[in-house]
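# Reading the structure
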Amino acid sequence: MGSSSSSYAPKTIYLDVDGKVQRVIFSRHCSPCDIKELLCSSSNIARNTAILLIDSEGALVSIDPSMPANTPNNLYKVMPHSIRNKANDSNINDFVFLSKEKEDMFQNVLSQVAEQFSRAFRINELKTEVTNRLAMLEKRVELEGLKVVEIEKCKNDLKKLRDEMTSRGGVRMNCNCKYSLKLSPRRDVPSYPKYTLSQETIETLKKPTFDVWHWEHNEMLSCLEYMYHDLGLVKEFNMNPITLKRWLLAIQENYRDNPFHNFRHCFCVSQMMYGMIHLCNLQERLTMTDMCILMTAAVCHDLDHPGYNNTYQINARTELAVRYNDISPLENHHCAVAFQILSMPECNIFANVEPDSFKQIRQAIITLILATDMARHGEILDSFKQKVDSFDFTNEEHVKCLKMVLIKCCDISNEVRPTEVAEPWVDCLLEEYFMQSDREKTEGLPVAPFMDRDKVTKPTAQIGFIKFVLIPMFENVMKLFPQIEEIMVQPLRDSRDHYEELKQIDDAMKSWSFVNGLWKGSMDIKVSS
């Protein structure tokens, strides 16, 4: 991913294949899929098999062009995914390779220990206690089963009540957006793999050019975990590293599989925030508490997004719109979910923070997430414009306004990235827009022209947004941090020019089609006459 001349040289890694050293050479421009096929071929594994790359310490190595090189004395091993899944941690992998003789010895020792324990304790009493506990558990299971039946009955009663309310009052309750939170991660922490990030990846992670499409969910979780450690947040706020892992897992579980507003978007915004912290030297200008607020708000800013925006929520009178009185219903919901997750002891990364400090952090995170409502864009940007020429980093109101603008920049920063990274996000966003506009047409609700598949194109969707929203906001931030012009503002200008060229091509093709249609029509008239 680097830009130095060494990035053109091929990379060599060494594998342990059935006890023999196997050398694998590949170009740094190979895709991860090509590298995986090459590793399968070199390790005598079927071509389409899902594989993992393990280093000598049992840690996972990310399979991509930036993977760290090794030596013949420090071999990697390729393992089919199914084999790895059978092991709960790296210690079990060590037992798999024990010789038969050592296994027999180990079994013999275990038998002797078991015999000693049998003599030392009254086994019959233990059996009785276990039997009694099983009986109690069976009774609890039976009671829980009855509770489930009651819950289902209550759900049916609620559905009938909603239908009756709809028929009487005309309140629209048919939005299928379900807000049942998954507050307990489905995966336990031991199955959250440890990835070794190469130095090249670590450096690229700090830049807006980072390609977010090359990473799987577990890898993105590892990158987020690394950011919290690298910024010193884990140490500063005395976060339990295991709690941090559990919190990130719960965050991922509570992002839905929407075309755009999903966990990859969460990672994209968080990585851009991490990049801006480094690019703008914010660690020297802001406090550690500010760093934590910026990162945590970025991670949580779209939690449980249903894929339908605030306009739909309000027009359709959904549960969220009613609950939050039509005032930023989605952003209020994202905040609520974020702090519901933090309310669980096993996910509370702020457990060791003083109550007064936590209250300050909580209020600031809420302020930043609410600032991502685009309905407030003009208000927030105007406030920042009034402060930027005489900005004072010791003024709390100035810093608060800056943080609001920073999270807004990161939230809509896709066009800052290279075209090959940014353009797929436009397709994802349009897909989500079209899902909403189709539904609005079906339900007889107003449809925004920029979301209507019959009226909008990719160039028309982007040109106005880049010219009148993105560039003015980033240029104002540039007044405070001039170093972002080349890396962030110029790519926005290039993106604007790119889409304007596409629009000119589209317009020319439409004009040609129109003229061609007129010519054919005139020819038909002449022939008929």
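Quick note: structure is the one above.
Here goes a summary of the coordinates provided. (Residues numbered from 1 in each chain as written. Predicted model: local features only at pLDDT ≥ 70, side-chain atom pairs only at ≥ 80, totals over all residues. Heavy atoms only, no water.)

## Comments concerning the pattern of salt bridges
- According to the stated counting rule, one finds 18 salt bridges in the structure shown.
- Close ionic contact of E319 with R323 constitutes a salt bridge, the shortest N to O distance being 2.5 Å. Pair noted here: E319 and R323 are both in helix α14 (residues 319–323), with a separation of 4 residues, about one helical turn.
- Since its relative accessible area comes to 34%, E319 is described here as partly exposed.
- A salt bridge links R439 to E443, with the shortest nitrogen-to-oxygen separation between them at 3.0 Å. Taken together, the residues R439 and E443, both in helix α19 (residues 419–443) and 4 residues apart, mark about one turn of the helix. For the pair formed by R439 and E443, the shared burial category is buried. (Salt bridge = Lys/Arg side-chain N within 4 Å of Asp/Glu carboxyl O. Helix = DSSP H or I, 4+ residues; strand = E, 2+ residues; numbered from the N terminus. Buried < 20%, exposed > 50% of the residue type's maximum accessible area, 1.4 Å probe, protein only.)

## Section: the side chain of H265
- Tracing the backbone shows H265 in helix α10 (residues 263–279).
- The class of H265 is buried, set by a relative accessible area of 1%.
- A polar atom in the side chain of H265 sits 3.2 Å from the side chain of D411.
- Once you skip the residues sitting within four places of it in the chain, H265 turns out to touch F260, H301, D302, D411 and W425. (Polar contact = N/O pair within 3.5 Å; in protein donor to acceptor, adjacent residues only side chain to side chain. Contact = heavy atoms within 4.5 Å.)

## Side note on unusual backbone geometry
- Backbone geometry places N238, a non-glycine residue, at a positive phi of 50 degrees.
- Tracing the backbone shows N238 in the loop between α8 (233–236) and α9 (241–253).
- Within the chain, N325 stands out as a residue other than glycine whose phi angle is a positive 55 degrees.

## Quick word on the packing of helix α7 (residues 217–230) against α10
- Direction vectors running N to C along α7 and α10 enclose 30 degrees, while the axes themselves pass 11 Å from each other. Here α10 runs roughly parallel to α7, going by the angle between their axes. Where α7 crosses over α10, the handedness of that crossing is left-handed. Here α7 contributes H217, M220, L221, C223, L224, Y226, M227 and D230 to the contact with α10, which in turn contributes F263, R264, F267, S270, Q271, Y274 and H278.
- A class-by-class count of the residues in the contact of α7 with α10 yields 9 nonpolar, 4 polar and 2 charged. (Axes fitted to C-alpha atoms, helices over the stretch in contact; angles between N-to-C directions. Parallel < 35°, antiparallel > 145°, perpendicular 65-115°, else oblique. Left-handed = near helix turned anticlockwise from the far one by under 90°. Nonpolar A, V, L, I, M, F, W, Y, C, P; charged D, E, K, R; others polar.)

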